[in-house]
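Close look at the chain arrangement
Single-letter residue listing:
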Amino acid sequence: MSRKTALITGGGDCPGINAFLASVVRRGNSEYGAEFIGVRSAFAGLASDNPEKYLVPLNTESVIGLENRSSTILESSRFNPFTPENEAKKYPEKILNNLKHLGVDGILGTGGNDTILSASRLEERGFPTVMAPKSIDNDVSGTDVMLGFRTAIFFGAQATRSTADSARAHRRISLVEVMGRNAGWLALEIGVASGADLITIPERPVNLTKFCAEVTRIYREHHYANLVVAEGTSIPYNDPVIERARIESAVVRSLLEETPELDSFGNPKLGGVSQILRRVLRIELGLEKIEEVRTTDLGFTLRGLAPVADDIILGIRFGIKAADILLGEKRSGVMIGIHGLEIDEVPYAQALKPKTVNRPDRELQALGVFIS
Ligand code: F6P
């Protein structure tokens, strides 16, 4: 059987992944005569009883025109083969057996923290892997920027300006919620690029009394407000402001009572903080109608977008480098990254350090970040 390289795309989908796939295949075919197969649903596909069902043939012909397609043609999953339960069920061994059976001797893929961690665990077991970073959250170290981030900022800022313009016409407060998990990069850059009056990020916990006072000031002065909140915004649940909202609003009560589900890597499923803040603002600002505060959750809208040119170029450059390392130099165990204008590589251990917003308060405040 001829040897092949498997392509996988794990974690949350985002723009730019397909450009990476197309680039790897073109470079690998033409430069190294390599053969590829795509495996749908990343580690879930690789760990299945019938991995053949998950295969997608990929060659230079089949990737024509793929670069600017949205999301990932290989589908994605957050399946973690290395949880204690899945290790006990021998999923890592099953994956290695499946790879052998399929004639695969290396993996090239895209992922965020969690998928890169799984790739590094396979690498530790002697199976060669090289990964490229992707996530609209931009929360992986070892690269200035991850695939998908630039597109998410571009469209996120447009969408936020649009809701703010509508809020101005109706003299309302616009609250736009964006993803980002524990990192505030997405909220920060969308907020700055859309001229937000206030931005909240997970790295700076919010004192609600001060937050409401600041929104009151903005609303009085401008007769509208453009607020951007990160899904991971941290609000103290024993705050008297929250207590009042809990008493007055059934929605707040039920949202606070809901225990977030965890994914297979232990990340809580976030989303909904803007719904709490909407009611808090209505109560604390004494607004007559809830419609004076409108929320827009951009969440998944920013994941399934077609990539902007920056992400297409980044995907292509990441793909060339990944193919050169695994197929040309026969090395593995690294994540591709970009520093300044240079494409380079970092060992997995360095990539896996979380990257949160670490700029000084003074600079953040000047950019519009709310600091209690
Ligand atoms: O891809 C990262 C991310 O977009 C996070 O910001 C968000 O919390 C999470 O994915 C949601 O993922 P899921 O698709 O598992 O609900």
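Residues numbered from 1 in each chain as written. Predicted model: local features only at pLDDT ≥ 70, side-chain atom pairs only at ≥ 80, totals over all residues. Heavy atoms only, no water.

As a further point, take the sheet that holds strand E6 (residues 173-178). Spatial ordering of the open sheet is given by E7-E8-E6-E9, a layout of four strands whose pairing is parallel. Of all the strands in the sheet, just strand E7 (198-200) and strand E9 (293-297) have a single pairing partner and so form its edges. Pairwise comparison of adjacent strand axes, ignoring direction, gives a mean angle of 20° for this sheet. In this structure, E7 lies alongside strand E8 (residues 225-230), joined through three bridges in parallel fashion. Bridge pairing links Ile-199 to Val-228 in E8. Most of the contacts of helix H8 (residues 208-222) go to E7, to which it runs at about 155°, and overall it touches E6, E7 and E8. (Pairing = 2+ DSSP bridges. Helix = DSSP H or I, 4+ residues; strand = E, 2+ residues; numbered from the N terminus. Axes fitted to C-alpha atoms, helices over the stretch in contact; angles between N-to-C directions. Contact = heavy atoms within 4.5 Å.)

Within the secondary structure layout, His-170 lies in the loop between helix H6 (149-169) and E6. Measuring from C-alpha to C-alpha, the distance between His-170 and His-223 comes to 9.0 Å, with 53 residues separating the pair along the chain.

We now examine the pattern of salt bridges. Following the criterion strictly, the structure yields 23 salt bridges and no others. Across the pair Arg-217 and Glu-221 runs a salt bridge whose closest N-O atoms are separated by 3.2 Å. With Arg-217 and Glu-221 both in helix H8 and four residues apart, this pair spans about one turn of that helix. Several salt bridges share partner residues, and in doing so they unite Glu-87, Glu-93, Arg-121, Glu-124 and Arg-125 into one network. (Salt bridge = Lys/Arg side-chain N within 4 Å of Asp/Glu carboxyl O.)

On to the packing of H6 against helix H7 (residues 185-193), then. Orientation of H6 relative to H7, taken along the N-to-C sense of each, is 50°, at an axis distance of 8 Å. In terms of orientation, H6 lies oblique with respect to H7. For the element pair H6 and H7, the recorded crossing hand is right-handed. For the pair H6 and H7, the contacting residues are Phe-149, Arg-150, Ala-152, Ile-153, Gly-156, Ala-157, Thr-160 and Arg-161 in the first and Trp-185, Leu-186, Glu-189, Ile-190 and Ala-193 in the second. (Parallel < 35°, antiparallel > 145°, perpendicular 65-115°, else oblique. Left-handed = near helix turned anticlockwise from the far one by under 90°.)

The biggest cluster of nonpolar side chains holds 56 residues, and the ones touching the most others in it are Leu-7, Phe-36, Val-178, Leu-186 and Phe-318. Looking at this core element by element, the count peaks at seven residues for helix H12 (residues 309-328). Lining this core are residues from two domains, each supplying at least three of them: domain 1 (4-147 + 307-351) and domain 2 (156-302). Setting aside anything within four residues of it in sequence, one finds Phe-318 in contact with Phe-20, Ala-132, Pro-133, Thr-143, Val-145, Leu-147, Ile-336, Gly-337, Ile-338 and Ile-343. Listed in part, the 28 residues of the second largest apolar core include Ala-225, Leu-256, Leu-277 and Leu-287. (Core = buried A, V, L, I, M, F, W, Y, C linked by side-chain atoms within 4.5 Å. Buried < 20%, exposed > 50% of the residue type's maximum accessible area, 1.4 Å probe, protein only. Domains from an automatic or database assignment.)

The assigned domain composition of the protein is domain 1 (4-147 + 307-351) and domain 2 (156-302). Placing a centre on the C-alpha atoms of domain 1 and another on those of domain 2 gives a separation of 35 Å. The interface of domain 1 with domain 2 comprises eleven residues on the first partner and 13 residues on the second. Contact with domain 2 buries area across many residues of domain 1, yet Arg-78, Ile-136 and Asp-137 alone supply 52% of it, more than any other trio. Our enumeration of links across domain 1 and domain 2 arrives at one salt bridge. Close ionic contact of Asp-114 with Arg-181 constitutes a salt bridge, the shortest N to O distance being 3.8 Å. One can count four residue pairs in polar contact (both at pLDDT 80 or more) joining domain 1 with domain 2. Here the residues of the side of domain 1 that touches domain 2 are counted per class, giving three nonpolar, four polar and four charged. (Buried area = accessible area lost by both parts, 1.4 Å probe. Polar contact = N/O pair within 3.5 Å; in protein donor to acceptor, adjacent residues only side chain to side chain. Nonpolar A, V, L, I, M, F, W, Y, C, P; charged D, E, K, R; others polar.)

This part takes up the side chain of Arg-279. As for its placement among the helices and strands, Arg-279 is situated in helix H11 (residues 273-285). One buried charge, Arg-279, has no salt-bridge partner; the nearest side chain with opposite charge is Glu-177, at 9.5 Å. What Arg-279 contacts, discounting residues up to four positions off in sequence, is Ser-249, Val-251, Val-252 and Ile-290. (Lys, Arg positive; Asp, Glu negative; His and termini not counted.)

We now examine the pairing of strand E5 (residues 129-133). Most of E5 sits out of view: five of its five residues are buried. Pairing of strand E4 (residues 104-111) with E5, which is carried by five bridges, proceeds in the parallel orientation. When the bridges of E5 are listed, Ile-107 appears paired with Thr-129. With helix H5 (residues 113-124) bridging E4 and its parallel neighbour E5, the resulting β-α-β unit is right-handed. The pairing of E5 with strand E10 (residues 334-339) spans two bridges and is parallel. Bridged to Val-130 within E10 is Val-334. (Right-handed = clockwise from strand over helix to strand, strands pointing away.)

Our focus in this paragraph is H12. Helical geometry note: an α-helix holds 3.6 residues per turn, so side chains three or four residues apart project in the same direction. Counted at 1.5 Å a residue, the expected span for H12 with its 20 residues is 28 Å, and the 27 Å between its end C-alpha atoms agrees. Along H12, the positions that sit buried rather than exposed are Asp-311, Ile-312, Leu-314, Gly-315, Phe-318, Gly-319, Ala-322, Ala-323, Asp-324, Ile-325, Leu-326 and Leu-327. Following H12 by one or two positions, Lys-330 has its phi on the positive side, about 55°. (Expected span 1.5 Å × (residues − 1).)

Residues in close proximity to the ligand include Gly-12, Arg-78, Asp-137, Met-179, Gly-180, Arg-181, Glu-231, Lys-269, Phe-300 and Arg-303, which together make up its full environment. Interatomic distance of 2.8 Å between a side-chain N/O atom of Asp-137 and an oxygen atom of the ligand. Glu-231 is positioned with one of its side-chain polar atoms (N or O) 2.7 Å from an oxygen atom of the ligand. Summarising the interface, the protein chains cover 87% of the accessible area of the ligand, which totals 400 Å² for the free molecule. (Near = heavy atom within 4 Å. Areas by Shrake-Rupley, 256 points an atom, 1.4 Å probe, with all protein chains shown as cover.)

So, about the packing of aromatic side chains. Here the structure, examined in full by the defined rule, presents three aromatic pairs. Taking the centre distance of 5.1 Å and the plane angle of 85° together, the rings of Phe-154 and Phe-155 count as edge-to-face. According to the relative accessible area criterion, Phe-154 is partly exposed, its value standing at 45%. With 5.4 Å between their ring centres and 80° between their planes, Phe-211 and Phe-370 make a pair best called edge-to-face. Taken together, the residues Phe-211 in helix H8 and Phe-370 in the segment after helix H14 (361-367) connect sequence positions 159 residues apart. Here the two residues Phe-211 and Phe-370 agree in accessibility, since each one is buried. (Phe/Tyr/Trp six-rings, centres within 6.5 Å; stacked < 30°, edge-to-face > 60°.)

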